[in-house]
Amino acid sequence: MTAGPKARTASTVQAGLPWWALALAVAAFTGFFALLASPASADPGPDAAGAGTVARVVAFVQLALGELAA
């Protein structure tokens, strides 16, 4: 009777996660909950409507999509 490939026993099987897997999950959830608890709003309001580069890009995309739809 042959044993074939090396038989796995409880002592040879690694049962657990590496330390960085747990640290990565903790860091991701901490960052997610920090974003949820942040008092900052995603809506810039009327004061910052044309203040930044992102607002100009969004306005351009809206204009371009409006022209394509017409």
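Each value, and the rule that gives it
Residues numbered from 1 in each chain as written. Predicted model: local features only at pLDDT ≥ 70, side-chain atom pairs only at ≥ 80, totals over all residues. Heavy atoms only, no water. Helix = DSSP H or I, 4+ residues; strand = E, 2+ residues; numbered from the N terminus. Buried < 20%, exposed > 50% of the residue type's maximum accessible area, 1.4 Å probe, protein only. Areas by Shrake-Rupley, 256 points an atom, 1.4 Å probe, with all protein chains shown as cover. Phe/Tyr/Trp six-rings, centres within 6.5 Å; stacked < 30°, edge-to-face > 60°. Patch = residues over 30% accessible without salt bridge, like charges linked within 9 Å, V, L, I, M, F, W, Y side chains within 5 Å. Salt bridge = Lys/Arg side-chain N within 4 Å of Asp/Glu carboxyl O. Expected span 1.5 Å × (residues − 1).

(A) Geometry of the overall build of the protein. A tally of regular secondary structure across the protein gives two helices and zero strands. Counting all 70 residues of the protein, 0% fall into the buried class. Summing over all exposed atoms, the protein offers an accessible surface of approximately 6,700 Å²; the carbon and sulfur share of this is 70%.

(B) Broad picture of the packing of aromatic side chains. According to the stated counting rule, one finds two aromatic pairs in the structure shown. Centre to centre, the rings of phenylalanine 32 and phenylalanine 33 are 5.5 Å apart; their planes meet at 55°, and the pair counts as tilted. The class of phenylalanine 32 is partly exposed, set by a relative accessible area of 45%. Linked through ring pairs, Phe29, Phe32 and Phe33 together constitute an aromatic cluster.

(C) Representation of a nonpolar patch on the surface in the model. Taken together, the side chains of Val57, Phe60, Val61, Leu65 and Leu68 define a hydrophobic patch exposed on the protein surface, amounting to about 530 Å² of accessible area. Here leucine 65 lies in helix α2 (residues 53-69). The class of leucine 65 is exposed, set by a relative accessible area of 52%.

(D) Spotlight on α2. Its 17 residues give α2 an end-to-end C-alpha distance of 24 Å, which sits within 8% of 24 Å, the value for a rise of 1.5 Å per residue. When you tally the buried positions in α2, you get zero out of 17 residues, a small fraction of the element.

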